[in-house]
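The residues making up each chain are set out below.
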Amino acid sequence: MARAFLCVCGRLRRVTSDPSAADTAPQPNGRHIAALLPATSAAGWGEFCLGMLRHELGPRLRRYAGPDDILRDAAATAEADLLILLGDREIAVADLPRPRLGIWRLGFGTEAGLRPGLTGVRRALLRGAGWVDIHVLQLAPDGASEGSAHRVTIALDPAHPEQTLRRINLAAARCLRGALLRALADGAARPIVPAPPLLPDNTRRLGGLVEEALSPLAAVWWFTWTYAWRWLLFRDHWRLGLVDQPLGALVAGEPAKPITWLPEAGDLAFVADPFVGRLGDNDLLLAERFDFRTSHGEIVAAALGADGTPGHFAPLLRTLSHLSYPSLVAERGRLWLCPEAWESGELRLHAIDLMDGRPTIGETRQLLPGFPAVDPTIIRHQGTWYLFCGDRRDAPNENMKLWFADRLEGPWTPHPWNPVVSDLGHARPAGAIIAVDGMLIRPAQDCRLTYGGAVSLMRIDCLSRSAYRESRIARLDPEPDGPCPDGLHTVAAFGRWTIIDGKRWRFSLRNPLLKLSGWLRNRRRRCVAVPEP
């Protein structure tokens, strides 16, 4: 088959808003990036990647009819920093010029193996995977994979195939962009994660035709038995637990001690999302209390005893919109509450004051109007405030966005690398960021098997206004034989204790009625929901 290619040559634009930062974004260095995309390819993700390159590299684009034309223009191609192969077919790389940073291509699949295009997605469905990995692979001269320069992981949703395909296209472009930013900032394209083997393209063989025919059936089977059935007859029931072990010990790799589970909030309610703060002379535990009958969450608070056990949970904040994830931040001796309230369409800070010895809500500040933030987590680092959160409109289980500001009240500026994390295994925040032995540790949810399936402890390797990097150093899994074997959701550090919440799928024949009632209440509530004063 005759092939045509696009060659994209240009210089990266500066993407930093902080010229004084030590680890600034990549600067133009007089060389180019080249990308090859078969013009006859049906790979929509390739077009998304090309659009990203147009945005980052500017208007300096050149189009070639084929690889022979690239070779005839070898003088220009030899000046490229990087050669990127796009498309869903294999391309021989032995005769292509090898730039300074090497040759990249994207691979789709699972740990069992990667494919050049969407055949990897079909293979993942046939293997019963609920997610697919997208790798930017660095290729050896013979075309084999040397490693992965960047990786993203996204969920597969067979119930919404068109939406899932759009998300795959967008994720592929984001994966390539993340690899470019990191490689050019470092000045080298070093593999950062081991890569599964790159399998040959088999779309023209019998095996590939069988995979293409069976993948829709596999998608229907997976959706029916792992999602629809569970959603209809089971509900996520969360419960708080205590571990007599500091979070720093878990970060250091010590085996986790047994969990002491606290009493449940009832059959039709649960308490989850623990956060710990200091208010006056007392340690305060905040959490979300969710009622299945109203499908509505509120923020509750309890005093913590010296043995780590909380007292009675009393209501602290209730609004028209659903509330959860009561993130806390201290500033100038004052404790602030920053809960998730995406239904209201904005993010707010609420001061927590003491009145008659009890915590109450005082002053309120608006942080991000018009932005439906999910699991907001705020820290101050080297004189700058940083806000980690998901965007309800942009797959919050898969993508984490970062904002920064000079002052807590703002104005807040989105990070130029957003989303700074695109990975179903460690994007969504799972609790407050803590300092352990000079390291910043960010708890993150692993949502590959289920929402809140486990907690990944991510070490923040670089945090500035112009760059962000993190790496996984530990993982906290639920107790398979305990009362909450189906997930871990949030972790909070409290002295020698670690407070967590665990999940159990609870079967109930009346669950469909609760789901319907909750859906109707949510619909009615969101129709009348306005930003609370």
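Keep in mind that this is a model prediction, so the values were computed, not measured.

Asks: I'd like a description of the overall build of the chain, backed by residues and values.
Replies: Within the chain one finds eight helices and 29 strands. Buried residues in the chain amount to 57% of all 533 residues. Within the chain, contacts between residues separated by at least 24 positions form 59% of all contacts whose residues are at least 6 apart in sequence.

Asks: Quick one: what's the story with the packing of aromatic side chains, residue by residue and with numbers?
Replies: Scanning all chains against the criterion turns up nine aromatic pairs. Plain terms: the ring middles of Phe270 and Phe292 are 5.6 Å apart, the flat faces sit at 65° to each other, and that makes the pair edge-to-face. In this pair, Phe270 sits in strand S11 (residues 269–279) while Phe292 sits in the loop between strand S12 (282–291) and strand S13 (296–303), placing the two residues 22 residues apart along the sequence. Grouping residues by exposure puts Phe270 and Phe292 together as buried. Judged by centre distance (5.9 Å) and plane angle (70°), the ring pair of Phe388 and Tyr468 falls under edge-to-face. Residue Phe388 is located in strand S20 (residues 384–391), and its partner Tyr468 is located in strand S27 (residues 468–476); the two are separated by 80 residues in the primary sequence. Residue classification places Phe388 among the buried residues on the basis of a relative accessible area of 0%. The class of Tyr468 is buried, set by a relative accessible area of 1%. Between the NZ or CZ atom of Arg235 and the centre of the ring of Phe292, over which it lies, the distance is 5.0 Å. The ring of Trp342 has Arg392 sitting right over it, with the charged end atom 4.0 Å from the ring centre.

Asks: Tell me about the pattern of salt bridges, and name the residues and values.
Replies: On inspection of all chains with the given rule, the structure shows 31 salt bridges. Between Asp244 and Arg496 there is a salt bridge, with its nearest N and O atoms 2.6 Å apart. A residue pair is termed long-range when its members are at least 10 positions apart, and Asp244 in the loop between strand S9 (234–243) and helix H7 (247–251) and Arg496 in the loop between strand S28 (487–494) and strand S29 (497–507) qualify at 252 residues. The shortest N-O distance in the salt bridge between Asp477 and Arg475 comes to 2.6 Å. Salt bridges sharing partners connect three or more residues here, namely Glu331, Arg334, Asp353, Glu363, Arg365, Arg407 and Glu409.

Asks: Tell me about unusual backbone geometry, and name the residues and values.
Replies: In most cases, non-glycine residues show a negative phi, while peptide bonds are predominantly trans. Following Gly410, the chain continues to Pro411 via a peptide bond in cis, the omega torsion being 5°. Its location among the elements puts Pro411 in the loop between strand S21 (399–405) and strand S22 (413–414). For the bond from Asn418 to Pro419, the omega torsion is -10°, close enough to zero to count as cis. With respect to the element layout, Pro419 can be found in the loop between S22 and strand S23 (421–422). Located in the positive-phi region is Ser295, a residue other than glycine, with phi close to 50°. Within the secondary structure layout, Ser295 lies in the loop between S12 and S13. Its identity is not glycine, yet Gln382 carries a phi of approximately 50°, on the positive side. Classification of Gln382 by relative accessible area gives exposed; the value is 71%.

Asks: Please set out the pairing of strand S17 (residues 346–355) residue by residue, giving values where relevant.
Replies: For S17, the buried fraction is high: seven of the 10 residues fall into the buried class. Here three bridges tie strand S16 (residues 334–340) to S17, and the two strands are oriented antiparallel to one another. Counterpart to Leu337 in the pairing with S17 is His350. Following S16, the chain reverses through five residues before pairing antiparallel with S17; Gly345 in that reversal takes a positive phi of roughly 80°. Bridge count between S17 and strand S18 (residues 358–369): nine bridges; the pairing is antiparallel. Across the sheet, Leu349 pairs through a bridge with Arg365, a residue of S18.

Asks: Describe the sheet that holds strand S25 (residues 439–446), listing the residues and the values that go with them.
Replies: The sheet built from four strands is open, its strands ordered S24-S25-S26-S27 with antiparallel pairing. Among the strands making up the open sheet, the edge pair consists of strand S24 (434–436) and S27. Averaged over all pairs of adjacent strands, the angle between their axes in this sheet comes to 40°, without regard to strand direction. Sheet topology places S24 next to S25; three bridges connect them, and they run antiparallel. Along S25, the bridge assignment pairs Val436 with Met439.

Asks: Now, about the pairing of strand S15 (residues 324–331): what can you tell me, with residues and values included?
Replies: Extensive coverage of S15 is indicated by the burial of seven of its eight residues. Taken together, the six bridges between S15 and S16 define a ladder with antiparallel strand orientation. Looking at S16, one finds that Ala330 is bridged to Leu335. Between S15 and S16, which pair antiparallel one after the other, the connecting turn spans two residues, and Arg332 there sits at a positive phi close to 50°.

Asks: Let's hear about the nonpolar core: which residues, and what values?
Replies: One finds Ile84, Leu86, Trp104, Leu106, Leu176 and Leu180 to be the most contacted residues of the largest nonpolar core, which totals 37 residues. Looking at this core, the elements that each hand over two or more residues are strand S2 (32–36), helix H1 (44–57), strand S4 (80–85), strand S5 (103–110), helix H4 (119–126), strand S7 (131–139), strand S8 (145–155) and helix H5 (161–186). No other element matches the 10 residues that H5 contributes to this core.

Asks: Explain the confidence of the model for the chain to me, and be specific about the residues and the numbers.
Replies: Interpreting fine coordinate detail is not advised for predicted regions of low pLDDT. In the predicted model, the chain carries a mean pLDDT of 83, and 81% of its residues have values of at least 70. By mean pLDDT, strand S1 (residues 5–8) is the weakest element of the chain at 34, and S20 is the strongest at 98. Throughout residues 1–30 the model reports pLDDT below 50, and contacts reaching past four residues in sequence, or to other chains, amount to 98 contacts. Scored below 50 in pLDDT, residues 528–533 makes 14 contacts in the model with residues more than four places away or belonging to other chains.

Asks: An account of the sheet that holds S18 is needed here, citing residue identities and associated values.
Replies: Strand order in the open sheet formed by four strands is S15-S16-S17-S18, and the pairing between neighbours is antiparallel. Across the chains shown, the open sheet's two edge strands, defined by having one partner strand only, are S15 and S18. Between one strand and the next, the sheet's axes are offset by a mean angle of 30°, whatever the strand orientation.

Asks: Lay out the packing of H1 against H5 with the relevant residues and their values.
Replies: With their axes 8 Å apart at the nearest point, H1 and H5 run at an angle of 40° to one another. Classified by the angle their axes make, H1 and H5 are oblique. Crossing of H1 over H5 shows right-handed handedness. Within the contact between the two elements, H1 uses Gly44, Trp45, Phe48, Cys49, Met52, Leu53 and Glu56 and H5 uses Asn169, Leu170, Ala172, Ala173, Leu176, Arg177 and Leu180. Looking at the contact of H1 with H5, its residues break down into 10 nonpolar, two polar and two charged.

Cut-offs and rules
- Residues numbered from 1 in each chain as written.
- Predicted model: local features only at pLDDT ≥ 70, side-chain atom pairs only at ≥ 80, totals over all residues.
- Heavy atoms only, no water.
- Helix = DSSP H or I, 4+ residues; strand = E, 2+ residues; numbered from the N terminus.
- Buried < 20%, exposed > 50% of the residue type's maximum accessible area, 1.4 Å probe, protein only.
- Contact = heavy atoms within 4.5 Å.
- Phe/Tyr/Trp six-rings, centres within 6.5 Å; stacked < 30°, edge-to-face > 60°.
- Lys NZ or Arg CZ within 6 Å of the ring centre and 35° of its normal.
- Salt bridge = Lys/Arg side-chain N within 4 Å of Asp/Glu carboxyl O.
- Pairing = 2+ DSSP bridges.
- Axes fitted to C-alpha atoms, helices over the stretch in contact; angles between N-to-C directions.
- Core = buried A, V, L, I, M, F, W, Y, C linked by side-chain atoms within 4.5 Å.
- pLDDT = per-residue confidence, 0-100.
- Parallel < 35°, antiparallel > 145°, perpendicular 65-115°, else oblique.
- Left-handed = near helix turned anticlockwise from the far one by under 90°.
- Nonpolar A, V, L, I, M, F, W, Y, C, P; charged D, E, K, R; others polar.

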